[in-house]
Structures are given as C-alpha cells and as structure tokens.
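# Fold and geometry: a report
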There are 6 protein chains.
Amino acid sequence: MPATVILTKRTRFCAAHRLNCPSLTPEENLRLYDKCNNENGHGHNYQLIVKIRGEIDPVTGMVINLNELKKIIKERIIVKLDHKHLNHDVDFLEGINPTAENVVVAIWEQLNPAIGDNLLYELELIETENNAVFYRG
Amino acid sequence: MPATVILTKRTRFCAAHRLNCPSLTPEENLRLYDKCNNENGHGHNYQLIVKIRGEIDPVTGMVINLNELKKIIKERIIVKLDHKHLNHDVDFLEGINPTAENVVVAIWEQLNPAIGDNLLYELELIETENNAVFYRG
Amino acid sequence: MPATVILTKRTRFCAAHRLNCPSLTPEENLRLYDKCNNENGHGHNYQLIVKIRGEIDPVTGMVINLNELKKIIKERIIVKLDHKHLNHDVDFLEGINPTAENVVVAIWEQLNPAIGDNLLYELELIETENNAVFYRG
Amino acid sequence: MPATVILTKRTRFCAAHRLNCPSLTPEENLRLYDKCNNENGHGHNYQLIVKIRGEIDPVTGMVINLNELKKIIKERIIVKLDHKHLNHDVDFLEGINPTAENVVVAIWEQLNPAIGDNLLYELELIETENNAVFYRG
Amino acid sequence: MPATVILTKRTRFCAAHRLNCPSLTPEENLRLYDKCNNENGHGHNYQLIVKIRGEIDPVTGMVINLNELKKIIKERIIVKLDHKHLNHDVDFLEGINPTAENVVVAIWEQLNPAIGDNLLYELELIETENNAVFYRG
Amino acid sequence: MPATVILTKRTRFCAAHRLNCPSLTPEENLRLYDKCNNENGHGHNYQLIVKIRGEIDPVTGMVINLNELKKIIKERIIVKLDHKHLNHDVDFLEGINPTAENVVVAIWEQLNPAIGDNLLYELELIETENNAVFYRG
C-alpha cells in the first residue's frame, strides 16, 4: 500500500485590511478590535501554507503535481489578494469582516473544490511572526 | 455551524536554567545531562507558542479576544519567566527539574485554568532553533 | 581608549500604504508602481532596525541605555506607524509618497535629533522578506 | 500518570538530486518534473525534523536521551546524505526516485527501528523555504 | 540634494555543485575541500541579495525601478542557475571552481554591466544558514 | 589582481549571564540594567557571526580554509561559552560585566591573533531576535 504523506506549499501575499463589525457601534468596534479597527486600515505580509494529504503515486513519487497546485493557488488566491485591500478589493471576501479566522475559512472555500479529491488537509495563514490561524475544513 | 479553527500566539522569554536531578549522583547527572548539567547554569531565548482551538464567533469573527489572551500569557508566564533563572526564581517551577518537557507541562497548568472553556489546544516551547517540545494536556 | 561598536535594535510595525505620485497621470502611476498603485492600498509587516554607533561606556559596559532607546523609537515611530495607513494617518509623512526609500528617510528625521550625540549610524527598513532599504543620513 | 509530550530535533543536510522516473520517456519526465528533471541535477539545504512522542520519565524529566537520539540521526541519516548526491551515493535510496515524498519515507525506514519503542511520531523534511513533506509511518 | 539609500532585493536558486581544483591531485582536493569534494556533487538553496546604492528620484521616490531590476536578475542569473549544476550547466561559470567566493564574483560580472550607472553596491550570496560571502566589485 | 570578498561563518552558543557593575550600588544597578540585573541571571541563545575579509586564492578559490576557521572558533570560543555562565565560567571574561558590547570585544581579542593575517574583519553577536552588536577591532 502506498505511503500517505502531507505535502506543504508556502505562498505569500501583501494586503491591507480593517477589522470592523457593522452590527456593532464604533465604540464597541474600537474596544473589541483596538488598533486593528483604525479607519484607514493597516496591513500585513501574509503567508499562506497549503497542506495536501494523500498517497504517494508509485510511478511519479509525488502526492500531487506541484506545478498544478501552484497554478491553482496563484489564480484563485494570490492574484486576488496580493497588493489588495481585503475589505474592498476581493470578490470572495465581500461582506466578510477580514479577521484571520474568517479569511482562512474563505480561502478554504476557494481552494478545496479546485484541488478536489479530498486532498486539501489544512490551511495555515500567518499574519505576523507572532500570529497565525489553522483550518481543516 | 460556525467553523472551528486553531489560533496561535507566539511570545518569548529569556531565561537561565540547569538540568540536575537531586535523586541522582553528580556523576550520573553529568552523564545524563552532559553540558546542560553545568553547575552555574546556561540559558536560552525561549519561544512559547500558545494554540487556541474553538469556533469562530459569528459576530466578532474571532475565536478568542487576542488582547485578553496576551494579558493572561503575560501575567501568568512571561512576567514570571522572562529574565529569570528557572531553577531559582519561579514559584510554579519550585522543585521541578527544568527540562523543556517539564517546563511545558508546568506552563500548561498555569495557562489552562486561566484561559478556560476548553480552549487551550496545544503548547509549543522552543528552546533553540533545533529543539522544541509540544504538549496537549 | 574605549572600543567603538555598533548596536542594533529591531522593532516592528504593521501598516497599509499606496504608492502614487500626484504629479503623474493615473496611467503613468500604474505603469511605474504596478500593483503597488492599487487604489485601496495594500500593506506590510515592516521591520525597522535602528543601528547606534558609539564608544562603550567603561562603567556601564553599554553604548546607550537600551530602555531609553526603545522609549524614543516607540514614541516617535511605532505609536505613529503601527496599525496605520502611511498615506493618511501619519503627521510626519504628510505629502510624502510612502516608498520604502522615502519612509526610511522620514524616520531618520524623527529619530536622529531625539537620539542625539551623533549616535544614530544607520536605519534598515524591511518591507518584505525580499525587499529592504538602508539609510545613513 | 506521566504526561505525554512530543519532542522535536532539527538536523540539516546539503544534497544534490534529480527527479527522473525510469519507466517514463524523457519527454514525459521533463513534462512531469519540469526543471527538477535537469540531467546534471540540482540541490537543496534540506532540514529534517525528527519528532518523538512519549511519556516524560519521572526521574530524568525527559522523553528520550537527546544525545542518543542525535547519535542515531547522525549515523543513520546525516553521514549518509550530507554533501551527497541522493541519486548516486546513498545505499538506502538505491533505485528510488528522490522526490521529497519518497525520501521522507525512506528516512523513516532507517530511523524507526533504530529509535524503537514506538517513539518516532513524525518526520518533517523541508526542501526549500516553500516546500516540505510530513510522514507518520 | 536627494538622499542616498541602499536598496536590497533577495532572490533564490537551488543548485548542485562540486568543489574540485583540476591543478591539484585527488588527494589534495579531498584534503582541501573535504566533503565538498564528493564526486557526484551536493547542493544548496542559495540566496542572492542584490544591493543597489543611489539617490532617491524626487519624482518617483525610488532609487531604481524594482520591476526592471527583478527582470535583469531573473534573466541573467536565476534562469541560468536555478535547478542547475554549477559545474556543468552554466555558461558564465565554465572553467570556474564553484566556491561561493568564485560564484559571487562571476555573478557580479553578469549583473554590473546590465544594471549600469554605478548602481550595484554589493552582492551577498548565502549558501547555508551558516555560510555566506559578500562582494563589492 | 584577485578579488577581495568578505566570508561569514555563523556559530551558536547558549549561555547564562547577569548584568551588574560592582562599582555601582544595587539600586543603581537595578535602575540601569533593569530585568537584566536579576540576581540569579537569565540567558540567551547567542549567535556569533565571524566575518573574514581577504583576497580569493587563485588556486583554491577560497579566502580561508573554512574547516580551519571552524576549528579556531570552536576551540577558542564555543567550547568556553556554550552551556556556560558568562559571569562565572569563562577565563577570558573574568572581571568583565558581560554586556553584549563587552563580550563581543573580548571575543575579538581571542579570535584575532589566532586567525591572523589581518583577516578578521568584523564580529556580529546576536543576543536575541531584536538585539545585536557589531565590532571591527
């Protein structure tokens, strides 16, 4: 039986965002999100780590064709998020308050059907050297 | 149903320690802990990664209020361990041989009741760029 | 004669910015700055490394009191830039197109008189893991 | 009951390799492995992270003697892979197409019986800052 | 007078190489280069940091157009070195023993005339996390 | 004429230290060094980067034999500082208040005569990810 491994691919995007919940008052938003609520936004060098889990193909020695995976991540995520404002520029984030938690779930919804075959195992979204989130669908 | 994610927060503390087991002879301690048994101790830039697991709050878009989490980690761990000697200066490490294994378990005992709600998922304690331990309670 | 050393202190700030030159047309700006010209801006985890050069004080063994240096950097730079939009929120960047080159020079103007004694040797401003600028006044 | 923790040890080796599957034509190999199929090979600074899972010994405060673990990793893996060509110089990789997936499985076969006691929990093999694989036996 | 700054751009390439001097005997080569003399070669994840020094253009706020710089580095260096064997595959390294010292000088000869205007200030070539070389022409 | 390059070698040591100046009162020491004055000491994962500057030997393609350099650094510095207390265990630091500034100068005095030929160009001593010192003799 072929061995099952997890393969990870890191990509990066630089984006602006602002944390703000429309159902709360400005005072509540400021208390809740503190400096992340700054009206003009701030930004991060995000790192996205896509983790694929599957059996090693006995012929190719690979779990997935890495070039095809890179193409999916680039077209579905990086082109849409890199050098953008997450609150204003991204179709699949419309109406979503861009906390790291919400963004990682939204990215999963974009990547999972495109990768298919139940291969997507986990996403890791790193916001700063001190903060990250993980999601497994 | 709200999505469940893992959120991680890295903090750091610089501390001295010495590995020594009182129930063993000096020769046994030296053989066992080697250079980590040096009588005057040595030290590390420790990194502590606190991992929280929970559902995303549909209103705030967050698993936990990060400022409150940072306050708990600072008061319960960083203030007590940063720029201290783990064998001599820390109340919750009294009588404990400060291997990375023992320290990570002791930190869990401090953090878990303070964070509550079954939210603490894992601790990662990084001693050097080559050595780390993980604990899940 | 006391030895002269260079001492470095890294700090960080997360900010949004947009590259745009008001004396150019929108087409020229887009051609010049490409994706950095995105109207709603984007953002970075900036790292600022402040480099101090001076003689070691024979009594204290230090070139400068690091706590005082940290206080100056925090009050003059970090509080003003962290979680802000560099085009809209920062008094000392008003009217300045926030390229890394322009920002590092503006930071120098803020820090140099406050540190004094000809101690500030160089600033390094890291925008991404691939891009940085250095300035020596 | 003693606490169970995971302990990790990072080591490194610099090696050359070429991805090529003998059962495929040259054209198929080029299409599949792209630049990784370059006839004269290329190379990486590999990082291997060995993860041990077990109970903390109440006397020593350790899961495993780290010096003994390092000796096993050095003799069985590092001496054989460091500054070698993975396609030509390594006994336990003979006849194996050295994709990261295949290499991490082969390293597991070398380390697991030598470490014993069901202690080996996971291997992480990092090929570049963007690519890694994980294997749990 | 416009301020003068240094701007740095990091790129990466993965390559194989072997250290061997044809004017020395096999024994001398082995003694001199040790494991780097392995007949089938080994490899590295090289990082190349290109450092540009010049005045900030008062209109653009930039020292150099970063997209043009990236294009030069890609065409002249990365395409030729990435996923190649430095002893066999690179036109501008023919007949050169690929020590880090020799490679960084050869890269300078490729980049300096293409960048022009006396802008190239320094190259940094990182071979491993512990070894690097710097060259200023 | 052979090209002149700078070659750097990173090494690491884990040590404890305490900042305290015997000519000052306990109150003055506490005010000056703050938490670094903790009586039982604290510690760091120090990184030492040794920088060699010289012409490339036309035969070997090297500035210095890296194995010989590593041996000097290991014998003169790492064996004496690694897993030690800088205030108590190191002959060449006796009577020296172990600030990063004082330690880097003391390391220079140990390395410079052993390396010889005016080859030692600069030392960089990294105490934490935020603090470092540089010395050029």
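An account of the accompanying structure is given in this report. One numbering rule holds for all chains: residues counted from 1, following each sequence as written. The order in which chains are written sets their letters, starting at A; the order in which ligands are written sets their numbers, starting at 1. Confidence filtering applies because this is a predicted model: local features only for residues at pLDDT of at least 70, side-chain atom pairs given and counted only at 80 or more, and all residues used for totals across whole chains, interfaces and linings. Only hydrogens and water are removed before side-chain values are computed, so all heavy atoms of the structure are retained for them.

Residue N118(A) is not a glycine yet carries a positive backbone phi of 60°. Overall, the relative accessible area of 73% leaves N118(A) in the exposed class. Here D117(C), not a glycine, exhibits a phi torsion of approximately 55°, which is positive. As for its placement among the helices and strands, D117(C) is situated in the loop between α3 (100-115) and β4 (120-128). Categorising residues by exposure relies on relative accessible area from a 1.4 Å probe, with only protein chains included: less than 20% of the type maximum marks a residue as buried, more than 50% marks it as exposed, and the intermediate range marks it as partly exposed. Numbering of helices and strands runs from the N terminus, with a helix taken as a DSSP run of H or I at least four residues long and a strand as a DSSP run of E at least two residues long.

For the rest of this paragraph, the subject is the packing of helix α2 (residues 66-81) of chain E against helix α3 (residues 100-115) of chain E. Residues and elements named next belong to chain E. Only the contacting stretch of a helix is used when fitting its axis, a line to C-alpha atoms as for every element, and angles between N-to-C directions run 0 to 180 degrees. Where α2 meets α3, the closest approach of the two axes is 10 Å, and the angle between their N-to-C directions is 155°. When the axes of α2 and α3 are compared, the pair comes out roughly antiparallel. Both α2 and α3 take part in a crossing whose hand is right-handed. Residues L69, I72, I73, R76, I77 and L81 of α2 form the contact with α3, whose participating residues are I107, Q110, L111, A114 and I115. Taken together, the residues that form the contact of α2 with α3 break down as nine nonpolar, one polar and one charged. We call two directions roughly parallel when the angle between them is under 35 degrees, roughly antiparallel when it is over 145, roughly perpendicular when it lies between 65 and 115, and oblique otherwise. Here a crossing is called left-handed whenever its near helix is offset anticlockwise from the far helix by less than a right angle, and right-handed whenever the offset is clockwise. When checking whether two residues touch, look at their non-hydrogen atoms; a contact exists if any pair is within 4.5 Å. Amino acid classes used here: Ala, Val, Leu, Ile, Met, Phe, Trp, Tyr, Cys and Pro are nonpolar; Asp, Glu, Lys and Arg are charged; the rest, including Gly, are polar.

Let us look at helix α3 (residues 100-115) of chain B. What a helix is expected to span follows from its residue count: subtract one and scale by 1.5 Å. An ideal rise of 1.5 Å per residue puts 22 Å on 16 residues; α3(B) measures up with 22 Å between its terminal C-alpha atoms. Counting buried residues along α3(B), 12 of its 16 residues qualify, which places the element largely inside the surrounding structure. At its buried positions, α3(B) is contacted by β2 (42-55), α2 (66-81), β4 (120-128) and β5 (131-135) of chain B together with β1 (4-17) of chain D. Two residues or fewer past α3(B), G116(B) is found with a positive phi of approximately 70°.

Between the two copies of the chain lies a relationship made up of a rotation around an axis and a movement along it. Here chain A sits on chain C after a turn of 180° about the axis and a move of 0.0 Å along it, with an RMSD of 0.0 Å. The relationship between the two copies is best expressed as a two-fold rotation axis. A shared binding surface is used by both copies, with 100% of the interface residues of chain A retained as interface residues in chain C. Superposing copies: least-squares fit, C-alpha atoms only, residues required to have pLDDT of at least 70 in both.

In this section: the interface of chain A and chain C. Listed as interface residues are 24 residues of chain A and, on the opposing side, 24 residues of chain C. By buried area we mean the combined loss of accessible area, with a 1.4 Å probe, across both parts when two parts are placed together. Buried surface at the junction of chain A and chain C, summed over both partners, amounts to about 1,900 Å²; 44% is from carbon and sulfur atoms. Together, N40(A), N45(A) and H83(A) form the three largest contributors to the area buried by chain A at its contact with chain C, with a combined 30%. A side-chain nitrogen of Lys or Arg and a carboxyl oxygen of Asp or Glu constitute a salt bridge if their distance falls within 4 Å. Our count for the chain A to chain C interface comes out at six salt bridges. Linking D82(A) and K35(C) is a salt bridge whose minimum nitrogen-to-oxygen distance equals 2.9 Å. Polar contact is the term for a pair of N or O atoms within 3.5 Å; when the atoms are in protein, one must be able to donate a hydrogen and the other to accept it, and sequence-neighboring residues count only if both atoms are side-chain atoms. Here chain A is connected to chain C by 21 residue pairs in polar contact (both at pLDDT 80 or more).

The next subject is the relation of the copies chain A and chain D. The operation relating chain A to chain D is a screw motion whose rotation component is 120°, with 0.0 Å of axial translation and a residual RMSD of 0.0 Å. Read as a symmetry element, the transformation amounts to a three-fold axis. Identified as the residue of chain A closest to the rotation axis by C-alpha distance is E129(A), at 8.7 Å.

By themselves, these observations are geometric and do not establish any function.
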